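So you can see what is in the structure, the chains are spelled out below.
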Amino acid sequence: MNHVAILSEEKWPRGIFVNWWVTGEGNKISKSKGGAVPIPNAIEKYGVDAMRLYYAHIGSPHVDVVWTEDVVVNYKNALERVYSLVEQLSKLSGGKKTVDDWLESRLNKNLQTINESMKEYQLRELASVVYFNIYDDLKWYLRRGGENKKLMEEVINIWCILMNPITPHLSEEINELIKSKSLVSVGEWPKANPEKINFKSEAGEELVKNTVDGMRHVLKLAKVEKARKYTLFIAESWLYELFNLISKEIQVTRNIGEIMRRVLEVESMKMKGTEVSKIVASLLKDVSKIPTLVTSQEEELKAMQEAKEYLEKEFDSKIEIVVGEESSNPKAKSAMPGKVGILVE
């Protein structure tokens, strides 16, 4: 092999990657069969980076890639949105807020996924996280009022490096936008910091997101354009213990009788036998109702209180937050861990 003749052993390739066919309308694209787009024309029309992202994201490494012109344009638009977002983020000039912990956690979890994807040549997964997941996280961060200038400088620098393998031109353009003194291509590849992964912070933001969706849904059901006031009920404290018990037991069995027996071994659950029975049956029917992480009433109350200003601004309405034990309203009973009860007036 040429590599053996030219390079020293420590620089020999660790593997060889062979891609599948590029097809169009079910047939291989080639000069003889037709359908081929001359490279100079395609570059001028779509841009090199958009084409590279398209090929990386449209399919897995070991399947054919189907060339679809309209879809390539969508990727070009996606890259333009990334650049526009960085322009917004680079203008932030504030300090630390609680949502910063969530963003740092999300970034480091994404770094873990990205680095694992690269080891396995999972280009689609890599592209999904870098160009869509991180983009969505940063949009949410802005929406939640995040404004930490120092954190944003760090995040953008990391994002530039992550984009460089697939869209090198865009990453260097962004690098120039933020006035970096060195090229992205010579930067050190980022590593995840597990200590910055904060599951409680992520659970809190997931609760806020679910609450926003729920408030919009309730508003639609009520057939009103704008609410005067929302009352948000946090689940009663005993429910968190119950949800934690159930989430552990379903890892062992899905037998409702066995789970009920184990749950009712807990003295505090015996007094609520009827309620417990209904909740267990409901959760076993749809386990997606159990949050990824069950925290506590205190943690969820704290998350919602910190998001109160954002929610009032988002819905232009007064927001009241009440724990379930302090209300006799039926909506308070509908509140569960990971899901607030919502009353609209």
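Every value quoted in this text rests on a predicted model; they were computed, and no experiment measured them.

1. Considerations on helix α9 (residues 199-222)
Note that an α-helix has 3.6 residues per turn; residues three or four places apart therefore point the same way.
Stage number 1. Here α9 spans 34 Å end to end across 24 residues, near enough to the 34 Å set by a 1.5 Å rise per residue.
Stage number 2. Within α9 the residues assigned to the buried category are Ser 201, Glu 202, Gly 204, Glu 205, Leu 207, Val 208, Thr 211, Val 212, Gly 214, Met 215, Val 218 and Leu 219.
Stage number 3. Structurally, α9 contributes buried residues whose contacts are with α5 (99-119), α6 (123-143), β4 (229-234), α14 (297-315), β5 (318-323) and β6 (341-344).
Stage number 4. The N-cap residue of α9 is Asn 198: its side-chain oxygen and the backbone nitrogen of Lys 200 are 3.2 Å apart.
Stage number 5. Remark: Lys 223 follows α9 within two positions and exhibits a positive phi of approximately 55 degrees.

2. Topic: the layout of surface pockets
Stage number 1. Quantified by volume, the largest pocket comes out at close to 960 Å³.
Stage number 2. As for the largest pocket, its lining consists of 41 residues, and the residues nearest its centre are Glu 202, Ala 203, Gly 204, Glu 206 and Leu 207.
Stage number 3. Contributing elements (two or more residues each) for the lining of the largest pocket: α5, α9, α13 (273-285) and α14.
Stage number 4. In terms of residue count, α9 provides more of the lining of the largest pocket than any other element does, 12 residues in total.
Stage number 5. A breakdown of the residues in the lining of the largest pocket according to their chemical character gives 16 nonpolar, 10 polar and 15 charged.

3. A word on the environment of Trp 238
Stage number 1. As for its position among the elements, Trp 238 is in helix α10 (residues 238-249).
Stage number 2. Classification of Trp 238 by relative accessible area gives buried; the value is 12%.
Stage number 3. Considering only alpha carbons, one finds Trp 238 and Gln 297, 59 residues apart in sequence, at a separation of 8.7 Å.
Stage number 4. Once residues within four sequence positions are removed from consideration, Trp 238 is found in contact with Met 269, Lys 272, Glu 275, Val 276 and Ile 279.

4. Some details on α10
Stage number 1. If you check α10, its first and last C-alpha atoms are 17 Å apart, about what 12 residues at 1.5 Å a residue would give, namely 16 Å.
Stage number 2. Against β4, α11 (256-263), α12 (267-270), α13 and α14 lie the buried residues of α10.

5. Comments concerning the sheet that holds β5
Stage number 1. Across the sheet, 3 strands lie side by side as β5-β4-β6; this open sheet has mixed pairing. Both outer strands of the open sheet, β5 and β6, are each paired with one neighbouring strand and no more. For this sheet, the mean inter-axis angle between neighbouring strands, taken without regard to orientation, is 20 degrees.
Stage number 2. Note that β4 and β5 share 6 bridges and pair parallel. Directly across from Lys 229, in β5, lies its bridge partner Lys 318.
Stage number 3. Packing against the sheet, α14 makes contact with β4 and β5, and its axis sits at approximately 170 degrees to β5.

Rules and cut-offs
- Residues numbered from 1 in each chain as written.
- Predicted model: local features only at pLDDT ≥ 70, side-chain atom pairs only at ≥ 80, totals over all residues.
- Heavy atoms only, no water.
- Helix = DSSP H or I, 4+ residues; strand = E, 2+ residues; numbered from the N terminus.
- Expected span 1.5 Å × (residues − 1).
- Buried < 20%, exposed > 50% of the residue type's maximum accessible area, 1.4 Å probe, protein only.
- Contact = heavy atoms within 4.5 Å.
- Polar contact = N/O pair within 3.5 Å; in protein donor to acceptor, adjacent residues only side chain to side chain.
- 1 Å grid on protein atoms, 1.4 Å probe; cavity = no way out; pocket = protein on both sides within 12 Å on 5 of 7 lines; lining within 4 Å.
- Points joined across faces, edges and corners; volume = space filled by probe spheres on them.
- Nonpolar A, V, L, I, M, F, W, Y, C, P; charged D, E, K, R; others polar.
- Pairing = 2+ DSSP bridges.
- Axes fitted to C-alpha atoms, helices over the stretch in contact; angles between N-to-C directions.

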